[in-house]
Amino acid sequence: KAIETYEDLIKRFPESPHIKNALFNISLNYEKLKDFEKVAETNERYASLFPEEKDAPDMLFNTGKFYLKAKQYEKALAVFRRFYTKSLGTERELESRRYVGKCYLAMDQLGLAEENFLNTISRSSFLAGKGVSVSNYYASEAQMELASIHTKKYHQMKLVLPKDVLDIAKKRKAELLK
């Protein structure tokens, strides 16, 4: 009912200064209802109507997070890729790259997830080496995700005969433990 009321307010008074608050509250209500795709769509709507607002980039970035929660992985990937392309050399680039990895992890595309987590770590090191002030948070989180991928791969690996296959599998398992 609250969402309908806010939508009605927007339709009846399109020039109202309260539209921003109405959209924000619509988004919050969809979040409470766990309709994450609608949250994402409302955030996109807010950012397109008010691109000059200082919170518009955060609303748009959160769109990707809500698409991820809604299992709309391709839409989430598009948001995060757009952000890391536009945010090169910043903390937001690292956060975006990590979320690209999280999308692939959710899609069970472990190779692509691993690649993106490694990119997050290497970009963090590169930026720090260039004197850019970035925290290690996203690189640390990416490292933890990599450890979980390696653990998953380790447990999925079956040690089977014949001996040459067994030896190769043992060697691969040993590499994962390094």
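Here the residue numbering is sequential within each chain, running from 1 through the sequence in written order. Per-residue local features are limited, in this predicted model, to residues with pLDDT of at least 70; the limit for side-chain atom pairs, both in listing and counting, is 80 or more; totals at the level of whole chains, interfaces and linings are taken over all residues. The side-chain quantities take in all heavy atoms of the structure and omit both hydrogens and water.

> I'd love a proper account of the overall build of the protein, names of residues and values included.
Secondary structure counts use DSSP, requiring at least four H or I residues in a row for a helix and at least two E residues in a row for a strand, with both numbered from the N terminus. Counting secondary structure elements, the protein contains nine helices and zero strands. For the radius of gyration, the atoms used are the C-alpha atoms, and the globule rule reads 2.2 Å times the number of residues raised to 0.38. Taking 178 residues into account, the globule formula puts the C-alpha radius of gyration at 16 Å, and the protein, at 21 Å, lies well above it. Principal-axis analysis of the C-alpha atoms places the extent of the protein at approximately 75 × 40 × 20 Å. Buried means the residue's accessible area, taken with a 1.4 Å probe over protein chains only, is under 20% of the maximum for its type, while exposed means over 50%, and partly exposed covers the values in between. The buried share of the protein, taken over its 178 residues, is 37%. Here a residue-residue contact requires only that any non-hydrogen atoms of the pair lie within 4.5 Å. Partitioning the intrachain contacts of the protein with sequence separation of at least 6 by distance along the chain shows that 45% fall at a separation of at least 24. Surface accessibility in these figures is a Shrake-Rupley result with a 1.4 Å probe; residues are shielded only by whichever protein chains are displayed. Counting every atom, the protein has about 10,800 Å² of accessible surface; 55% of that belongs to carbon and sulfur.

> Please give an account of the packing of aromatic side chains that cites residues and values.
For Phe, Tyr and Trp, rings pair up if their centres lie within 6.5 Å, where Trp contributes its six-membered ring, and each pair is then called stacked (planes under 30 degrees apart), edge-to-face (over 60) or tilted (otherwise). If you walk through the whole model with that rule in mind, you get seven aromatic pairs. Seen in terms of ring centroids, Phe-61 and Phe-80 are 5.3 Å apart; in terms of plane orientation they differ by 65°. Their pairing is edge-to-face. Remark: Phe-80 occurs in helix H5 (residues 73–86) and Phe-61 occurs in helix H4 (residues 56–69); sequence separation between them is 19 residues. The same class applies to Phe-61 as to Phe-80, namely buried. Feature note: the residues Phe-61, Phe-80, Phe-83 and Tyr-99 constitute an aromatic cluster, connected by ring pairs. The rule for a charge over a ring is simple: NZ of Lys or CZ of Arg within 6 Å of the ring centre, and within 35 degrees of the ring normal. Between the NZ or CZ atom of Arg-92 and the centre of the ring of Phe-61, over which it lies, the distance is 4.1 Å. The side chain of Arg-98 reaches across the aromatic face of Tyr-99, ending 5.4 Å from its centre.

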